[in-house]
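Listed below, chain by chain, are the residues.
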Amino acid sequence: MPKLLIIDDEQLFLNSISEQLKIRGYENVISTTGKDVEKLLGKNSDVDVVLPDMKMPDISGDEVLKKIKQFKPEVQVVILTGFGDTETAVEMARHDAFSYLQKPVEIQKLTNILDKARSKAKLLIWEQQQTQGKSIKEMAFWTTISVAIGVIIALLPVPEDLPPKAHYFLAFLVAIIML
């Protein structure tokens, strides 16, 4: 079962949010520091969403986000903060944070966002598994075949009732579908 990793230096808040999420069926791991986020994710390979605080004494939420995206880019990050502003939210989005929420957050709003983040993580993990199964040679082969079929269709005579642009678009579309 996938887990959440919750990181916050305020122990009382950390315990409270952890318990509230457990009651709602979210298995989670907690930590008061994000310094060793790579180790935490290594130990808990089934973590698919991380919920860090933005401001902590040892490491900021944006640094935690950057570490996660370098180590496991498919893991989604929902940043919580008591000191949020629009500029910071935009900056976190640039670094691929899934969401940025102001504390205190309504638990229903949080669980809705966590569910969406989890869905995105599942999709990214599935896509990653699909591409890992294919070798580079296999992908190059199918890419070459797709392009060749598109070129062949483009070189065929254009049917009388079909505009040339539509014919070329059809060739392009077939090549894309083959990929």
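Bear in mind the structure is a predicted one, so any value in this text is a computation, not a measurement.

### What to know about the overall build of the chain
And step 1. Assigned secondary structure in the chain consists of seven helices and five strands.
And step 2. Across the chain, helices and strands are ordered from the amino to the carboxyl terminus as β-α-β-α-β-α-β-α-β-α-α-α.
And step 3. Relative to a compact globule of 179 residues, whose C-alpha radius of gyration would be 16 Å, the chain shows 23 Å and is clearly more extended.
And step 4. Overall, the C-alpha framework of the chain stretches about 75 × 35 × 30 Å when taken along its three principal axes.
And step 5. Counting across all 179 residues of the chain, residues that qualify as buried make up 37%.
And step 6. Restricting to contacts in the chain with at least 6 residues of sequence separation, those with at least 24 account for 62%.
And step 7. Accessible surface, the chain as shown: approximately 10900 Å² in total, 61% of it carbon and sulfur.
And step 8. Between the mean site of the 21 positive side-chain charges and the mean site of the 24 negative ones, the chain shows a separation of 3 Å.

### As for the environment of Leu114
And step 1. Here Leu114 is to be found in helix H5 (residues 107-132).
And step 2. Leu114 sits in the buried class, given a relative accessible area of 1%.
And step 3. Excluding its chain neighbours within four sequence positions, the residues that come into contact with Leu114 are Leu4, Leu21, Tyr26, Val49, Leu51 and Val78.

### What to know about the nonpolar core
And step 1. Counting 20 residues, the largest nonpolar core has Leu5, Val50, Ile68 and Ile79 as its most contacted members.
And step 2. Counting only elements with at least two residues in this core, the list comes to strand E1 (3-7), helix H2 (37-43), strand E3 (47-52), helix H3 (61-71) and strand E4 (76-81).
And step 3. Setting aside anything within four residues of it in sequence, one finds Leu5 in contact with Val29, Val37, Leu40, Leu41, Val47, Val49, Val50 and Leu51.
And step 4. Judged by nonpolar contacts, the second largest core, of 17 residues, contains Leu4, Ile6, Leu51 and Val78.

### With respect to the pattern of salt bridges
And step 1. Tallied over the entire structure, the rule returns eight salt bridges.
And step 2. A salt bridge links Lys67 to Glu38, with the nearest nitrogen and oxygen atoms 3.9 Å apart. Linking Lys67 in helix H3 with Glu38 in helix H2, this pair joins segments that are 29 residues apart in sequence.
And step 3. Here Glu38 falls in the partly exposed class, since its relative accessible area comes to 29%.
And step 4. A salt bridge links Asp48 to Arg118; its shortest N-O distance comes to 3.0 Å. You can see Asp48 sitting in strand E3 and its partner Arg118 sitting in helix H5, a full 70 residues away along the chain. Accessibility assignment for this pair places Asp48 and Arg118 in one class, buried.
And step 5. Connected through shared salt-bridge partners, Lys3, Glu27 and Asp46 make up one network.

Scoring rules and cut-offs
- Residues numbered from 1 in each chain as written.
- Predicted model: local features only at pLDDT ≥ 70, side-chain atom pairs only at ≥ 80, totals over all residues.
- Heavy atoms only, no water.
- Helix = DSSP H or I, 4+ residues; strand = E, 2+ residues; numbered from the N terminus.
- Rg over C-alpha atoms; globule rule 2.2 N^0.38 Å.
- Buried < 20%, exposed > 50% of the residue type's maximum accessible area, 1.4 Å probe, protein only.
- Contact = heavy atoms within 4.5 Å.
- Areas by Shrake-Rupley, 256 points an atom, 1.4 Å probe, with all protein chains shown as cover.
- Lys, Arg positive; Asp, Glu negative; His and termini not counted.
- Charge placed at Lys NZ, Arg CZ, Asp CG, Glu CD.
- Core = buried A, V, L, I, M, F, W, Y, C linked by side-chain atoms within 4.5 Å.
- Salt bridge = Lys/Arg side-chain N within 4 Å of Asp/Glu carboxyl O.

That is the geometry; function is a separate question.
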